[in-house]
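Residues per chain are reported as follows:
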Amino acid sequence: MAETPALHLPRPAEVVGIEQESPTVFTLRLRPSAPDGCPLPRFRPGQFNMLAVPGVGEVPISIVSDPRDPELLDHTIRRVGRVTTALARLQPGDRIGLRGPYGHGWPLRESEQRDLVVVTGGVGCAPVTGAIEYVIRRRERYGHLNIVQGVKHADDFFWRDRYARWAEAPDTEVLIAADVGGPLWPWHVGRVTELFDRLRFDPRRVSVLLCGPEGMMAAVIGEMQARGVPDTDIWLSMERNMQCGVGLCGHCQIGPHFVCRDGPVFRYDVIAPLFRKRGF
Ligand SMILES: Cc1cc2nc3c(=O)[nH]c(=O)nc-3n(C[C@H](O)[C@H](O)[C@H](O)COP(=O)(O)OP(=O)(O)OC[C@H]3O[C@@H](n4cnc5c(N)ncnc54)[C@H](O)[C@@H]3O)c2cc1C
Ligand code: FES
């Protein structure tokens, strides 16, 4: 995380685009103003911003856009409660507060020359999008790329064009599953783990990147362990309620770890003793 004090103060960001991805998911394109006298901070895939709606509240949301362009920041958001509903009502030209980027991103350097298995659920695809785009732009540096996305219902699936483009990339497999399909659903009906016999990877040389509901991540971790993948090669993005976003308030604490400061991306062996344990 960059340590510029100005990053901890919300700065104005103008809404310059809104894309409705599904009935409950939308993408906000924001143009942040630069902190006083500083260039716009650079970010890495997997990092997040705190988005503040004045008078309503502030929420952590991952950055999905291209890190090469810090002047336009895309955030893909599921409307679930108070703040995300207020974000969903914004119009082009409105201004909100933005601070960040915060947290640790995905292990992209560490994963070079390795196969990749990226498994996401629901809007969990958003925090990993930047990592997939990064790998696709540097395809020769990585092994086989497996992208698996699961949704509850066929109607929840969005970014069809984006997944189709990824499927065209060399040495790349895209697998999609919905718990509940529909008449025109061309992909698998069932759980993402039912697709795992179709994955191509060497368990001694793979990085597994996970983001989604913890039950789904636990099931995937079990499948990967059964296939011989060590815990040190599994990475997951954790979600917890946040207030400060910078390791001061303790709201996002899991045992000794603060999700905002030490995560949100954790190596599984670091978080394993506390993962899905009640009381943490
Ligand atoms: C590091 C990090 C990155 C995140 N990135 C994204 C992102 O890219 N896109 C995105 O849509 N969300 C993301 N989230 C989740 C997002 O921060 C929450 O959905 C948001 O804080 C909810 O705020 P709210 O005020 O709208 O809901 P609240 O009013 O706080 O909650 C309303 C109801 O929704 C439930 N709820 C809250 N959060 C969730 C949730 N995540 N899933 C299901 N139910 C929930 C609550 O339990 C409550 O019942 C991220 C969270 C973290 C920690
Ligand atoms: S949100 Fe305050 S410590 Fe993480």
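In what follows, the accompanying structure is described. (Residues numbered from 1 in each chain as written. Chains lettered and ligands numbered in written order. Predicted model: local features only at pLDDT ≥ 70, side-chain atom pairs only at ≥ 80, totals over all residues. Heavy atoms only, no water.)

This part covers the sheet that holds strand 9 (residues 172–180). Pairing between the strands of a sheet is mediated by backbone hydrogen bonds and can be parallel or antiparallel. On the basis of which strands lie adjacent, the open sheet formed by 7 strands has the order 10-9-8-7-11-12-15 and mixed pairing. Among the strands making up the open sheet, the edge pair consists of strand 10 (188–189) and strand 15 (265–267). As paired elements, strand 11 (residues 206–211) and strand 12 (residues 234–237) share 4 bridges and run parallel to each other. If you follow Leu209 over to strand 12, its bridge partner there is Trp235. Against the sheet, helix 2 (residues 125–137) makes contact with strand 7 (115–121), strand 8 (145–153) and strand 11, and its axis sits at roughly 155 degrees relative to strand 7, the strand it touches most. Contacts from helix 4 (residues 214–226) reach strand 7, strand 11 and strand 12, with the element oriented near 165 degrees to strand 11. (Pairing = 2+ DSSP bridges. Helix = DSSP H or I, 4+ residues; strand = E, 2+ residues; numbered from the N terminus. Contact = heavy atoms within 4.5 Å. Axes fitted to C-alpha atoms, helices over the stretch in contact; angles between N-to-C directions.)

Our next topic: empty space enclosed by the protein. All told, the structure shown has 2 cavities of 30 Å³ or more when counted by the stated rule. Considered as a void within the structure, the largest cavity measures approximately 50 Å³ in volume. As for the largest cavity, its lining consists of Arg11, Pro32, Leu40, Pro41, Phe43, Asn49, Ile63, Pro70, Leu73, Gly100 and Pro101. Classifying every residue of the lining of the largest cavity gives 8 nonpolar, 2 polar and 1 charged. Its volume calculated, the second largest cavity comes out at about 30 Å³. If you trace the second largest cavity, you find it lined by Leu108, Leu116, Val118, Val128, Ala131, Ile132, Val135, Leu145 and Leu209. Within the residue set of the lining of the second largest cavity, elements represented by two or more residues are strand 7 and helix 2. Top contributing element to the lining of the second largest cavity by residue count: helix 2, with 4 residues. Split by residue class, the lining of the second largest cavity holds 9 nonpolar, no polar and no charged. (1 Å grid on protein atoms, 1.4 Å probe; cavity = no way out; pocket = protein on both sides within 12 Å on 5 of 7 lines; lining within 4 Å. Points joined across faces, edges and corners; volume = space filled by probe spheres on them. Nonpolar A, V, L, I, M, F, W, Y, C, P; charged D, E, K, R; others polar.)

Shape is all these values report; function is a separate question.
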